[in-house]
Amino acid sequence: MPQTSKSWAMLHAKCPRCRRGNMFQGGAYNFGSNKINEFCPHCGMRFEIEPGYFYAAMYVSYALNVMYAGALWTGTYLLTHNTDSPWLYIAVILGGCFLLSPLTFRYSRVFLLYWLSPKVHYQPHLDTDDNPKHV
Ligand SMILES: [Zn+2]
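Residues numbered from 1 in each chain as written. Predicted model: local features only at pLDDT ≥ 70, side-chain atom pairs only at ≥ 80, totals over all residues.

1. A few points about unusual backbone geometry
Right, on to step 1. We note that Ala13 has phi near 55°; this positive angle belongs to a residue other than glycine.
Right, on to step 2. Looking at the secondary structure, you find Ala13 in the loop between helix H1 (6-11) and helix H2 (57-80).
Right, on to step 3. When the 19 C-beta atoms within 10 Å are taken as the criterion, Ala13 is described as partly exposed. (Helix = DSSP H or I, 4+ residues; strand = E, 2+ residues; numbered from the N terminus. Buried ≥ 20, exposed ≤ 12 C-beta atoms within 10 Å, placed from the backbone.)

Given below as structure tokens:
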């Protein structure tokens, strides 16, 4: 039985249970279509495990933004060696976090479901080409 790797499934925002169905309706940068599906189109898992579950993704996205800020600050310093003005750093960090926000939205939910949800487990028997929802 072919198995989908966890890292590939996370990168492509696939369902954490079957690693086949898409968690999101469109691409991350397709304006207006970066919405999470209510159910996995492959195995039927409900992504929002309980009402308000994705509020917890805010903490994950906060952590991601702190990581971006650190990386952008370091990159800006290495490129410009600016020690005079904080405004360059503020502009780069705010602009970078804004441009990355569709990915932050998406991967905060992916990380929440893959790493921070103890009840969600990969089920290899659902990782098949035939649609187990209709079997
Ligand atoms: Zn699924």
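Alright, that's what it looks like, and here's the rest.
2. Digging into the environment of Asn34
Right, on to step 1. In this fold, Asn34 is placed in the loop between H1 and H2.
Right, on to step 2. Classification of Asn34 as partly exposed rests on a count of 17 C-beta atoms within 10 Å.
Right, on to step 3. Remark: the alpha-carbon pair of Asn34 and Leu103, spanning 69 residues in sequence, is separated by 9.5 Å.
Right, on to step 4. Leave out the neighbours within four places in its chain, and Asn34 touches Phe24, Gly26, Ala28, Pro102, Phe105 and Arg106. (Contact = placed C-beta atoms within 7 Å.)

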